[in-house]
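Single-letter residue listing:
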Amino acid sequence: MISKTYAPQEIEEKWYQYWLDNQFFKSTPDDREPYTVVIPPPNVTGVLHMGHMLNNTIQDVLVRKARMEGKNACWVPGTDHASIATEAKVVAMLKERGINKHDLTRDEFLEYAWEWTHKYGGIILQQLRKLGASCDWDRTRFTMEPDLHDSVIDVFVDLYNKGQIYRGVRMVNWDPQGGTAVSDEEVITKELQQKLVYINYKIAGAQGQEADYITIATVRPETIMADAAIAVNPNDERYKHLHGRKAIIPLINREIPIITDEYVTMDFGTGGLKVTPAHDPNDYALGITHNLPVLDILNDDGTLNEKAQILVGQDRFVARKTIIKLLEESGNLVKTEEYKSNVGTSERTGAVIEPKLSLQWFLKMDELSKPAFKNVMNDTVQLHPAKFKNMYRSWMENPHDWCISRQLWWGQRIPAFYMQDGTIIVAKNKHEALEKVQHEKLLFAMTEADLTQDEDVLDTWFSAWLWPMSVFNGLKEPDSGDINYYYPTNDLVTAPEILFFWVARMIIAGYEYRGEAPFKNVYLTGIVRDKLGRKMSKSLGNSPDPLDLIEKYGADGVRTGMLFSSAAGNDLMFDEKLVEQGRNFSNKVWNAFRLVKGWTVDSSLPRVTQNELSIGWFDAKLNQTLTDVEDLFSKFRISEALQAIYKLIWDDFCSQYLELIKPAFEQPIDQTTFEATINFFEKLMSLAHPFMPFITEEIWQDIRERESSASICIAPFPKPEVVDQQILASFEEFFEIISNVRNVRNTKQISPKTALPLTIKTTLPDRFQPFESLIRKMVNVSTIAYVSDLPDTESSASISFLIKSDEFFVNIAGQIDTEQEITNTRKDLDYNDGFRDSVLKKLSNEKFVANAKPDVIERERQKLADAEAKIQSLKQRLTDLGA
RNA sequence: GGGAGUUUAGCUCAGCUGGUUCAGAGCAUCUGCCUUACAAGCAGAGGGUCGGGGGUUCGAACCCCUCAACUCCCA
């Protein structure tokens with residue numbers, strides 16, 4: 001006995017293990033066409049969230065389809081070492097054990113980091129299996145494993161030797177909590193309520209009558225000790241008398257010049273701007289223009305250093321409060337105002353970003369990025385949806401140099417070695433650095449002990465940008481079989497948020513090292529949000545646990561549910577209702593299977609003509625959908641492809657086809673119909689398999705005898721054949737009859753058990769005769785009669801409906817409300833009159849006839865003819881009803 | 001301040017180059033059904049002057065202008 005509802009839990013684990021045991025996901029180069037996808041490596045710190053679910057479901061759909069199409073499908077999984085996030089986790093873990101990071105040596109710390117990685121790093125990949133992901137797990141890579149690590153180092157050395165990497169002072173986004181620089185992309189701007197503080201600076205050497213002070217407004221009073229000047233707009237009348245004078249910083253009494261610059265906004269604050277080059281990017285730029293000194297008063301952890309002279313050791317935010325008090329006491333504080341402004345915070349630690357001057361490593365982007373820019377704009381690499389090309393352009397037209405150093409330990413340590421005099425030697429390792437020194441500088445007395453390696457590691461993206469090459473060892477062995485076979489990969493599925501700092505950079509690296517983009521298509525998914533449109537996040541607690549969802553609704557249900565409403569590039573408003581719909585779909589498929597499975601075949605039964613008609617129709621419908629699905633896939637409209645399949649299975653196959661051919665209760669079915677139905681079912685399962693891998697495998701295995709180690713995973717994906725348009729049109733008309741008769745029954749509240757007589761007024765009874773038994777089966781009619789003219793009495797005892805120019809009468813004698821019928825018919829007539837008139841107006845418009853395409857005009861003529869026939873029938877109907 | 005995107009049924013979204021039966025789907029709602037595959041279901045129904053205004057066109061949800069609201073990116 002097959003269960004009445006589909007129970008995914010029992011089935012999913014069994015088939016996933018079966019797939020693994022039979023190595024269906026394993027790929028090695030052969031003479032087939034490759035289809036390659038590299039996973040966007042999730043952070044080792046990550047656990048599966050809804051975004052991963054969506055992203056990986058789409059990848060799996062693409063990969064499974066390609067595999068069924070006979071391509072050598074290879075989906076490479078792996079994880080990313082995520083230096084900042086992981087280091088933060090490890091530091092936290094150490095803290096719990098009572099260990100302070102700074103008490104450890106670098107090597108000791110790294111041991112803990114590896115311990116953490118080995119313990120938690122693989123979790124997310126295990127979770128992907130529950131989703132059904134058909135990755136080649138033997139190829140699992142990690143950005144810190146030796147081969148990938150070495151590739152990163154090699155690339156650094158190579159780019160340095162090519163003159164693309166330099167070391168320079170830059171204003172960077174400093175995360176005082178993480179103790180590292182973060183990229184612009186990792187800074188989240190937040191609007192914060194702040195205090196705008198008005199401070200009086202005494203004018204040096206002020207004479208009797210003139211104002212003794214200049215007032216400036218700032219949100220960062222704690223940085224006044226780092227001021228290098230006060231700037232005013234040269235056109236500002238209020239301050240013209242101060243040009244060339246000097247002001248005195250309160251509390252520390254240091255003199256600074258008053259300078260003029262058009263940059264200063266006259267109507268913001270007081271029009272006076274304190275210039276602090278070390279602690280603000282705009283001020284830094286001003287400082288360069290005006291040749292101002294740079295005075296950095298902050299330590300890396302955000303506390304004030306001795307250069308501040310006062311408040312040394314205090315945290316910047318504590319100092320901000322303290323200094324307001326001090327200024328008040330000294331009489332320099334004018335007032336404070338509430339003020340909202342945007343403040344950058346670190347994506348990883350949440351700390352307020354401190355603009356900071358520091359010595360960092362940079363990669364020049366102008367030359368390197370050119371091919372990547374051009375080849376996206378000319379569609380060599382296609383973005384789906386294409387609207388993201390705009391965003392890509394705005395970023396790539398003027399790329400900033402990439403700050404690639406991070407002040408962390410977890411990651412690839414920068415292979416730069418300093419001699420005692422500060423000379424930089426870049427080499428793969430200390431040994432090679434020493435050789436280089438000895439050979440190039442002829443300093444043969446040098447030893448490794450005389451070289452110190454740079455303390456910093458490389459930005460995680462500096463390893464991620466090599467991912468499509470490094471997973472195939474494409475940088476270490478550029479001529480190996482793997483990289484030559486799999487590269488360039490086909491499709492990349494990722495989020496638009498990382499279009500710039502990952503996707504663009506992979507394309508850059510691809511052109512630099514392989515002369516070719518790393519993929520042909522980039523499918524950009526949306527962000528998964530909750531019902532209220534908020535991004536799902538752990539802190540909000542608004543994200544369901546994907547594994548719970550899988551447990552509750554089945555992996556197939558979750559997969560289809562997520563895809564129902566997720567057009568490419570659009571955010572997905574997640575609602576558990578979607579997943580429920582997916583679960584219901586699984587159940588529908590399951591029950592169709594139960595029905596078919598329950599039939600007994602009687603091979604002695606003759607072929608049934610009416611069934612052959614239905615088979616012909618469904619065959620046409622199937623082929624039409626296959627054509628549509630191919631087209632949708634080619635445009636990466638994955639969600640629409642799923643919807644087309646959903647409708648084909650639910651509406652066309654279950655609601656129509658199965659009802660049409662279903663034998664009466666406990667009656668056997670003939671061989672021909674059974675065979676055709678099993679064939680259809682098999683094709684439908686193959687068609688749905690990329691979306692719902694588990695249930696389709698279960699049914700596919702059971703619907704026919706299978707050889708051991710056969711699988712739907714490697715069964716052929718159905719290909720569209722010629723569509724019989726004629727039969728589709730006839731059935732459309734047939735379904736319209738069915739639906740109209742049912743509607744009559746419904747509106748008149750007539751029991752389905754009451755058989756109703758149907759009369760068809762038509763000049764072509766032949767069109768309907770073949771469908772008679774099908775009509776009877778679908779709507780319980782007692783008789784079907786054809787007339788060329790219907791007696792008034794019978795007409796007035798019937799409800800009628802029109803399909804094209806044929807009129808159908810359902811006799812429900814005794815239950816007819818003549819008045820109501822007349823009102824309805826009049827309404828119908830009025831509408832058709834109006835419709836005819838509008839069509840007539842169009843056709844009598846010379847410009848329309850002259851400009852519109854012939855087929856458009858032909859359609860209008862047809863509409864006119866249909867409307868006129870309808871009007872004729874409706875008028876007759878009114879007469880019959882005695883109106 | 002600069003740029004981009006969005007605005008279509010109660011909700012979430014389709015609607016690809018302007019032209020089929022006068023705008024589609026799913027969910028939700030309403031009506032009637034436990035009809036022996038499925039109530040996680042079946043059969044039906046209602047619901048939108050396509051954000052507002054203007055324009056181009058024989059014809060606009062779709063093209064142009066303008067206004068508004070929301071979202072995102074950059075400064």
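About the criteria used
- Note that residues are indexed from 1 along each chain, following the sequence as it is written.
- By the order in which they are written, chains take letters starting at A while ligands take numbers starting at 1.
- Restriction of local features to residues with pLDDT of at least 70 applies here, the model being predicted, together with a cutoff of 80 or more for giving and counting side-chain atom pairs; totals for whole chains, interfaces and linings are based on all residues.
- In computing side-chain values, all of the structure's heavy atoms are included and hydrogens and water are not.
- The definitions used throughout rest on a 1 Å grid laid over the protein atoms alone, on which a cavity is an enclosed set of points accommodating a 1.4 Å probe that cannot get out and a pocket is an open set flanked by protein within 12 Å on both sides along at least five of seven lines; lining residues are those having an atom within 4 Å of a point.
- Grid points are joined across faces, edges and corners, and a volume is the space filled by probe spheres set on the points.
- For the purposes of this entry, the term helix denotes a DSSP run of H or I that reaches at least four residues, the term strand denotes a run of E that reaches at least two, and both are numbered from the N terminus.
- Each residue is assigned to one of three groups, with Ala, Val, Leu, Ile, Met, Phe, Trp, Tyr, Cys and Pro labelled nonpolar, Asp, Glu, Lys and Arg labelled charged, and all others, Gly among them, labelled polar.
- For the exposure calls, accessible area comes from a 1.4 Å probe over protein chains only, and a residue counts as buried if that area is under 20% of its type's maximum, exposed if over 50%, partly exposed in between.
- Residue contacts follow a heavy-atom distance rule, with two residues in contact if any of their heavy atoms lie within 4.5 Å.
- Think of it this way: DSSP has to see at least two bridges between two strands before they count as a pair.
- To obtain an axis, a line is fitted to C-alpha atoms, over the contacting stretch when the element is a helix, and the angle between two such axes runs from 0 to 180 degrees between their N-to-C directions.
- Salt bridge, as used here: a side-chain nitrogen of Lys or Arg that lies within 4 Å of a carboxyl oxygen of Asp or Glu.
- Consider each residue's heavy atoms; a residue with any of them within 4 Å of a molecule or strand counts as near.
- Nitrogen and oxygen atoms within 3.5 Å of one another constitute a polar contact, given that in protein one can donate a hydrogen and the other can accept it, and given that sequence-neighbouring residues count only through two side-chain atoms.

Novice: How do you make sense of empty space enclosed by the protein when you look at a structure like this?
Specialist: Left-over empty space is what a probe sized like a water molecule reveals as it rolls over the atoms. Under the criterion given, the structure shown has 2 cavities of 30 Å³ or more. One number sums up the size of the largest cavity: a volume of about 50 Å³. Lining the largest cavity are Trp-174, Pro-176, Ala-278, His-279, Asp-296, Leu-298, Asn-299, Gly-302, Glu-354, Pro-355 and Lys-356. Among the elements that line the lining of the largest cavity, the one with the most residues is strand β14 (residues 354-363), at 3 residues. Looking at the lining of the largest cavity residue by residue, the classes come out as 5 nonpolar, 3 polar and 3 charged. Estimates place the volume of the second largest cavity at around 40 Å³. What lines the second largest cavity is simply Lys-761, Asp-789, Leu-790, Glu-807, Phe-809, Ser-873, Gln-876, Arg-877 and Asp-880. When contributions to the lining of the second largest cavity are tallied by element, the ones reaching two or more residues are β31 (806-811) and α28 (854-880). Considering every element that reaches the lining of the second largest cavity, the biggest residue donor is α28, with 4 residues.

Novice: For this particular structure, what's the right way to read the side chain of Thr-494?
Specialist: Structurally, the position occupied by Thr-494 is in strand β22 (residues 491-494). In this structure Thr-494 comes out as buried when scored by relative accessible area, which is 2%. Sequence-distant contacts of Thr-494, defined by excluding residues within four places in its chain, comprise Pro-40, Asn-55, Trp-502, Val-503, Val-522, Tyr-523, Leu-524 and Thr-525.

Novice: Please explain the sheet that holds strand β28 (residues 756-761) as it appears in this structure.
Specialist: Pairing between the strands of a sheet is mediated by backbone hydrogen bonds and can be parallel or antiparallel. Strand order across the open sheet formed by 4 strands is β29-β28-β31-β30, with mixed pairing between neighbours. The open sheet has two edge strands, β29 (781-787) and β30 (798-803), and neither has a second partner. Neighbouring strand axes in the sheet, compared pairwise and without regard to direction, differ in orientation by 20 degrees on average. Looking at chain direction, β30 and β31 are connected through 6 bridges and run antiparallel. Along β31, the bridge assignment pairs Phe-801 with Phe-808. Along the sheet, helix α24 (residues 772-779) makes contact with β28 and β29, crossing β29 at roughly 140 degrees.

Novice: In this structure, what is going on with the pattern of salt bridges? I would like to understand it.
Specialist: Where charged atoms of side chains with opposite charge meet at close range, the side chains can pair. Under the counting rule described, the total for this entry stands at 52 salt bridges. Of the charged contacts in the structure, one is a salt bridge between Arg-97 and Glu-115, with a shortest N-O distance of 2.8 Å. Here Glu-115 lies in helix α4 (residues 106-120) and Arg-97 lies in the loop between α3 (83-96) and α4, a separation of 18 residues in the sequence. Exposure remark for Arg-97: the relative accessible area of 43% places this residue in the partly exposed category. Overall, the relative accessible area of 36% leaves Glu-115 in the partly exposed class. Between Lys-370 and Glu-367 there is a salt bridge, and its shortest N-O distance comes to 3.1 Å. You can call Lys-370 partly exposed: its relative accessible area is 47%. Taken together, the shared-partner salt bridges connect Arg-141, Glu-145, Asp-147, Asp-150 and Lys-476 into one network.

Novice: Explain the protein's contact with RNA strand B here, please?
Specialist: The environment of RNA strand B is formed by 43 residues, the closest being Asn-570, Arg-583, Phe-665, Tyr-831 and Lys-863. Within 4 Å of the protein, the contacting atoms of RNA strand B are 61% sugar and phosphate, with bases supplying the remainder. Asn-584 is positioned with one of its side-chain polar atoms (N or O) 3.0 Å from a sugar or linking oxygen of RNA strand B. At 3.2 Å from a sugar or linking oxygen of RNA strand B is found a side-chain nitrogen or oxygen belonging to Arg-859. Among the elements that take part in the surface near RNA strand B, helix α18 (residues 576-597) stands out by supplying 10 residues, more than any other. Of the residues that constitute the surface near RNA strand B, the class distribution is 11 nonpolar, 16 polar and 16 charged.

Novice: Sorry if this is basic, but what is going on with the sheet that holds β22 here?
Specialist: An order of β15-β23-β22 is seen for the 3 strands of this open sheet, with the pairing classed as parallel. What marks the edges here is a single partner per strand, and that holds for β15 (382-384) and β22. Within this sheet the neighbouring strands show an average axis-to-axis angle of 20 degrees, counted without direction. One ladder, built from 3 bridges, connects β15 with strand β23 (residues 521-524); its direction is parallel. Across the sheet, the residue bridging to Gln-382 is Asn-521, located in β23.

Novice: Mind showing me how you'd approach the side chain of Glu-821 here?
Specialist: Within the element layout of this structure, Glu-821 appears in helix α26 (residues 818-844). Note on Glu-821: relative accessible area 7%, which makes it buried. Each residue touching Glu-821, except ones within four places of it in the same chain, is listed here: Ser-798, Ile-799, Ile-816, Arg-877 and Leu-881.

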